[in-house]
Amino acid sequence: MSASAAETSGRRTASRVVQTVLTICIVALAVSALYISVLAFKRQEALSQIFRYNIAFSASQGMNELLRFRQRLAGMLVDPPQATKQDVSLRYQILVSRMDLFQSGEFLGFVTEVPDSREAVEEMASVVRRIGTFIDDIDKPENAQLALELTEPLERKMIALASQSNEYGATAQARDQRELLRLHWIFSILALGLVLSGFIFVAMLRWQHRLQISVQRRLKATNEDLLRTRAELAESAAAARRANEELITQNLLFNTALNNMSHGLCMFDAHQKLIVSNQKMESIYGLSSDQLKPGLSFPDLLDSMVAAGAHDRDEAERISALQSALIRQNRSNTLIQELDDGRTILISHQPMKGGGWVATYEDITERHKAQAQVAYMARHDTLTDLPNRLMMRERLEEILRLSSERALSTAVMCIDLDNFKGINDTLGHPAGDALLREVARRIKATVRETDVVARLGGDEFVVVQGNLDGSDQAVNLVKRLIAVIDEPYLIDGHQVLTGASIGIVATTGGEEADDLLMQADVALYQAKADGRGVYRFYEPDMNKRLQRRRTLETELRAANLDEQFYLVFQPIIDLDANKVTTFEALLRWRHPVHGEVSPDEFIPIAEDTGAIVPLGEWVLRQVCLELKSLPESICIAANLSPMQFKRDDIVETVARVLVETDTPAHRLELEITETLLLEDNRKLHVDLKRLRKLGSRISLDDFGTGYSSLSYLQRFAFDKVKIDRLFIKDIAKSADQAAIVQTIVNLAFTLGMTTVVEGVETEEQLRIIRAMGCDEAQGHLFSKPIPSDAIVGYLAEHERKRTAA
Amino acid sequence: MSTTQKFIRGWTAALAALMLLAAPVLAQDATLPNPEGDVILTIDGKVGATNGEGVADFDLAMLENLKSGKITTTTPWFNGPVEFEGVLLADLMESVKADGQEVVVTALNDYQAPVPIADFAQYGAILAYKRDGNYMPVSDKGPLFIIYPYDSDVELSTQKFYSRSVWQVRRLTVR
């Protein structure tokens, strides 16, 4: 590259030199030509000078004229005269003329130059002048002779003059020749120079031509290069165009992507001037596209946000301060910005190389809400919107801490709905849910603002009361709660009744939340065991009870019924005939380890766990077997638990047992507890009908203790009504009780049902109820429950007594 | 007879014939008067108009009667421009009915120079008899001087024409 460049510069210098030389040549030529022409002119002049007045000729002419004059003179003197005076005079005149010529013009110049000639001319002129004095008298011989004498030396002088003039002329000529020669030389040299210049010129031209050819070649090469380059350029232009199109497309895509982002985006340069922004920014902050022109400064952006009403000045300054710190420290971070309309914006600030930064703006309101919602949901029960276990636990700990700080009490209550499962089964889950919601509402309405009501799942609720002076407040609340929950509910057009069992524990602090919850739970357990619809305070030994219950549950499930269970029978006496009509079979459990377990204890457990079903079946079987060893007129009444109806097809079981034991159905009485009737159940209705169809009789046990309405008596056709012992306890003293019993007796009688009074213990009671018209009675007065092997003995005894009386 | 004699005889005959032919012409030539003063110019040779034996003599008056011209020019013989007055040579030739190409001019000192007649018309040369208004004596290159207008043409300022510029003119011979 450098070689050709040097070449090029060399060539350029060469051509410049050539040009200079050519110019010089041309100038030289011109000058030469001019000079030559000038010289030629001069030469011409010189030449003309040469041909000018010929001095030598003039001198020789003068010589000739002198001779002719002398000749005439001499001729005049000769005898006879050969010439006339006129001739002589004429010749003299001619001579005078010649003298004049000698003394003027060119001749004078010559004369002046050559001293000898001057002298000669002067002498001649003086002679001529002298002769002129007597020329008029020249015909006188003496004058003629004188003239001849005077003019005689002139001949020689004239000759000398002639030769001098000749020499002068020759010299002048020679000089001129030399001059001419000089000019010729100069001319020749110039001509030569011209020729040389011509040659050089030609040579230059040739060289130039060569150069030009080479230049041309180079040009051609360059041209080809250019063409190639042009093609390449065209290609690159096309490529550039393509790239440009791609760029445009990319740009378009970028723009589309940018403007379809779910986040707003702002990119600033190192001078805090906006470079890029997208449309989302406008929609987030309510700005117009004019306000987001590139070149916008960061403070101006915040100002326009404030102006658009997105947020107030304080918020703008807060964000500005935070973001400015990030800009200064060149850190990336996220900021949360709260807008005035409640939206939350997540600003993600990311510094860029070169000093600028890019920030994305994400509307996380929904996410926030969702998160808040999730957080809420994580802490709240979805159905009732009450706090859930997690939140309750937190609040509990908090309340414990606060209360203990102030040396006040905290009460924890576990609330459980009685027979919720039953409601759920009969009315369906939607109804159950609606019930729960209503219960939750009622509980919440009952407690204080600061109290915590939570639902732990199922039908379990927890209430935490803090800042209590003493447990009285708690007790009041509990009572109120039970009462409130007890109120009837209207669910899907059905009237639903439920109650609550509540376990409560109070503390002044120093206890763990978990412990408290457990204690409340234990207390609840006790409440449930104690018959439901009650509250129980935790007592330390409840734990024991819970433990026991747990143990019993296990035992019950695992128990070999034949080994551990047995029946005892309590007779029911017909008051009129004073005969034993029925024995009520009562289940007893003798546990090898725990000993006798009261049916009050294990029956509920069995019902809860479902062990009641096999247990119930076993009881029925035992009863049927027992019937075989009893007189035909004696029936046995077995208690049926509502669980048996729920969990089993009791009718089928009863039927099967009767068939298997080959027992007539009428000898079996089935006692249904009143609470079963709370379930307004079609199935129940049908089952009872089927049982009756089998032939067994149905008794309504514990009548009056529950929620049974009188319409039940009509709806479900019972054979017997067993009046609970409660009603005759103070029958002797309480007129009200008496009235009630009487009413029941009358009602039952009207409906064709037998009345049985339970728990007769005194004669007076017997007398009264007999007077009322009760049909049968049962109680310690007659006999307490006896084992099967004692039945026969009893019957005999009773018969004896009867017949004796 | 020798060839020369034959030649002379032939020519004389031709000349006689010519003169016979020309006689009426010659005889008719009454425009050329005889000179009354001193003859200062003689024109001979091939001339048509004569007043002598094949010659035409002129005196000053006759010349002055012919068409004259003035030439003011510088000359090699005089200092500064000089005014010459004289008869136009072209007219002079015409007046003698010169029938030739050339004129041999003879001066008083027998200097001779041939001058083409064409010069006279071409250059308007004059045969001057006055210089600066004065007649020229023989001692001052008179009486007649052939003058060309040297200043009018650079070509005339050369020896060629200087040699034709005869002074002290005595005779013009047309041939």
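Under an unreviewed UniProt entry, chain A has the name Diguanylate cyclase/phosphodiesterase and belongs to Nitratireductor pacificus pht-3B.

## Quick notes on the overall build of chain B
Looking only at helices and strands, one finds five helices and 10 strands in chain B. By residue count, 35% of the 175 residues in chain B fall in the buried class. Of all intrachain contacts in chain B linking residues separated by at least 6 positions in sequence, the fraction that spans at least 24 positions is 57%.

## Some words on the nonpolar core
Leu89(B), Ile126(B), Leu127(B), Phe145(B), Ile147(B) and Val169(B) are the most contacted members of the largest nonpolar core, which totals 82 residues. Broken down by element, the residue count for this core peaks at nine residues, all from helix 3 (residues 85-102) of chain A. Excluding anything up to four places from it in sequence, Ile147(B) contacts Ile71(B), Phe84(B), Gly86(B), Ala125(B), Ile126(B), Ala128(B) and Ser165(B). Core analysis: the next-biggest nonpolar cluster, separate from the first, contains 71 residues, Phe569(A), Ile573(A), Val654(A) and Cys774(A) among them.

## Some thoughts on helix 25 (residues 735-751) of chain A
Residues and elements named next belong to chain A. The end-to-end C-alpha distance of helix 25 is 24 Å, a good match for the 24 Å that 17 residues give at a rise of 1.5 Å each. Where helix 25 is concerned, the buried positions are Val741, Ile744, Val745 and Ala748. The arc that holds every buried residue of helix 25, seen down its axis, measures 100°, which confines them to one face. Exposed residues on helix 25 whose side chains face more than 90 degrees from its buried face are Ala735, Asp736, Ala739 and Thr750. Within two residues after helix 25, Gly752 carries a phi angle of roughly 80°, on the positive side.

## Remarks on the UniProt feature "coiled-coil region" (unreviewed entry) in chain A
UniProt marks residues 223-250 of chain A with the feature "coiled-coil region" (unreviewed entry), using the numbering shown here. Helix makes up 100% of residues 223-250 of chain A and strand makes up 0%, while its end C-alpha atoms are separated by 38 Å.

## Considerations on the interface of chain A and chain B
Counting residues at the interface gives 19 residues for chain A and 15 residues for chain B. When contributions to the side of chain A that touches chain B are tallied by element, the ones reaching two or more residues are helix 2 (55-77), helix 3 and helix 4 (105-113) of chain A. Top element by residues in the side of chain A that touches chain B is helix 3 of chain A. It accounts for seven residues. Of the residues in the side of chain A that touches chain B, the class split is six nonpolar, eight polar and five charged.

## Topic: the sheet that holds strand 6 (residues 112-116) of chain B
Residues and elements named next belong to chain B. Taking strand neighbours across the sheet as the criterion, the five strands line up as 2-1-10-5-6 in an open arrangement whose pairing is mixed. Looking at strand neighbours, the two that pair on one side only are strand 2 (55-59) and strand 6, the edges of this open sheet. Taken over all neighbouring pairs, the strand axes of this sheet differ in orientation by 20° on average, direction set aside. One ladder, built from five bridges, connects strand 5 (residues 102-107) with strand 10 (residues 169-174); its direction is antiparallel. Bridge pairing links Val105 to Leu172 in strand 10.

## Quick notes on the pairing of strand 10 of chain B
In the sheet, strand 1 (residues 39-45) of chain B pairs with strand 10 of chain B via four bridges, with the strands oriented parallel. What sits directly across from Ile43(B), in strand 10 of chain B, is Leu172(B).

## Focus: helix 9 (residues 313-329) of chain A
All names here are of chain A. Taking 1.5 Å per residue, 17 residues should reach 24 Å; helix 9 reaches 24 Å between its end C-alpha atoms and fits that length. Every buried residue of helix 9 is listed here: Ala316, Gln323 and Leu326. The buried residues of helix 9 occupy an angular sector of 95° when projected down its axis, which confines them to one face. Structural note: helix 9 exposes Arg313, Asp314, Glu317, Ala321, Ala325, Arg328 and Gln329 on the side pointing more than 90 degrees away from its buried face.

## Observations concerning the sheet that holds strand 2 (residues 274-277) of chain A
Residues and elements named next belong to chain A. Taken together, the five strands give an open sheet; going across it, the order is 2-1-5-4-3, and neighbouring strands pair in antiparallel fashion. Since the sheet does not close on itself, it has two edges, and those belong to strand 2 and strand 3 (333-338), each with one partner. This sheet shows a mean twist of 20° between the axes of neighbouring strands, independent of strand direction. Where strand 3 meets strand 4 (residues 344-351), six bridges bridge the pair, whose relative direction is antiparallel. The residue of strand 4 that forms the bridge with Thr334 is Ser348. Contacting strand 3, strand 4 and strand 5 (357-363), helix 9 runs over the sheet at an angle of about 175° to strand 3.

## What to know about the packing of helix 21 (residues 650-660) of chain A against helix 22 (residues 682-694) of chain A
All names here are of chain A. Contact pair helix 21 / helix 22: the axes reach a minimum separation of 9 Å and the direction vectors enclose 15°. When the axis of helix 21 is compared with that of helix 22, the two are roughly parallel. As helix 21 packs across helix 22, the resulting crossing turns out to be right-handed. Counting all contacts with helix 21, which are made through Ile650, Val651, Val654, Ala655 and Leu658, the residues of helix 22 involved are Asp687, Arg690, Leu691 and Leu694. Taken together, the residues that form the contact of helix 21 with helix 22 break down as seven nonpolar, no polar and two charged.

## Some points on the confidence of the model for chain B
Residue and element names in this part refer to chain B. For chain B, the mean per-residue pLDDT works out to 83, and 85% of the residues sit at or above 70. The model gives residues 24-30 a pLDDT under 50, and that stretch makes five contacts with residues more than four places away or in other chains. Taken over the whole predicted complex, pTM reads 0.40, whereas the ipTM for its chain interfaces reads 0.74.

Cut-offs and rules
- Residues numbered from 1 in each chain as written.
- Chains lettered and ligands numbered in written order.
- Predicted model: local features only at pLDDT ≥ 70, side-chain atom pairs only at ≥ 80, totals over all residues.
- Helix = DSSP H or I, 4+ residues; strand = E, 2+ residues; numbered from the N terminus.
- Buried ≥ 20, exposed ≤ 12 C-beta atoms within 10 Å, placed from the backbone.
- Contact = placed C-beta atoms within 7 Å.
- Core = buried A, V, L, I, M, F, W, Y, C linked by C-beta atoms within 7 Å.
- Expected span 1.5 Å × (residues − 1).
- Arc of directions from axis to C-beta.
- UniProt positions renumbered as here; feature names shortened; annotations may be inferred.
- Nonpolar A, V, L, I, M, F, W, Y, C, P; charged D, E, K, R; others polar.
- Pairing = 2+ DSSP bridges.
- Axes fitted to C-alpha atoms, helices over the stretch in contact; angles between N-to-C directions.
- Parallel < 35°, antiparallel > 145°, perpendicular 65-115°, else oblique.
- Left-handed = near helix turned anticlockwise from the far one by under 90°.
- pLDDT = per-residue confidence, 0-100.

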